[in-house]
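# Architecture at a glance
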Amino acid sequence: MSLKKYRKKRDFSRTPEPRGKVIQKPEKIFVINKHQATHLHYDFRLEMGGVLKSWAIPKEPPKVKGVKRLAMKVEDHPIDYAEFSGQIPKGQYGGGRVEIWDKGKYILEKKSSQEIVFELRGRRLKGPYALVKFKGQSSNQWLFFKRK
Ligand code: MN
């Protein structure tokens, strides 16, 4: 697990985002950022292996079963990104406003190279969710949805 890609994309003398480090702790959290970059999107992040595994979701994450959202895998973010909200300067990577849209604990139920199954305990998103990788397509494309 590494934050190399995350750091390479950013100039920490210009952006208020955390530089971060890899942190391992027993209780796992998730966070969803509402990110008003060039296009508004939501960044879904799961604490895993000492970093926040991250996916960009182009529309609001579903609170109910039956709505599937495309989730593009993006670079791992540091754990302390879960505390970050603010304005990334224009011209910097991801320039625009970052808000915390939801945050809470999560319980991992199953994890393979093709799917991650978990229960979210946030304020907005609660209950059984999954991320499933698209078959036969770009390995960056996943689906995010509520299971029941
Ligand atoms: Mn983003």
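Structural data are supplied above this passage.
What counts and how
Residues numbered from 1 in each chain as written. Predicted model: local features only at pLDDT ≥ 70, side-chain atom pairs only at ≥ 80, totals over all residues. Heavy atoms only, no water. Helix = DSSP H or I, 4+ residues; strand = E, 2+ residues; numbered from the N terminus. Buried < 20%, exposed > 50% of the residue type's maximum accessible area, 1.4 Å probe, protein only. Contact = heavy atoms within 4.5 Å. Areas by Shrake-Rupley, 256 points an atom, 1.4 Å probe, with all protein chains shown as cover. Donors = N, O, S within 2.8 Å, 3.2 Å for Na, K, Ca; no water.

### Overview of the overall build of the protein chain
For the protein chain, the helix and strand inventory stands at 1 helix and 9 strands. Starting at the N terminus and ending at the C terminus, the protein chain contains elements arranged as α-β-β-β-β-β-β-β-β-β. Taking the principal axes of its C-alpha atoms as reference, the protein chain extends roughly 45 × 35 × 35 Å. Evaluated residue by residue, the protein chain yields a buried proportion of 45% over its 148 residues. Long-range contacts, defined as pairs at least 24 residues apart, comprise 50% of the intrachain contacts of the protein chain with a sequence gap of at least 6. Counting every atom, the protein chain has about 8,000 Å² of accessible surface; 51% of that belongs to carbon and sulfur.

### Let's talk about the coordination of the manganese ion
Each protein donor to the manganese ion is listed here as His 35 (ND1), His 41 (NE2) and Asp 43 (OD); together their distances run 2.1 to 2.3 Å. A relative accessible area of 8% means that His 35 is categorised as buried. The exposure class assigned to Asp 43 is buried, which follows from its relative accessible area of 5%.

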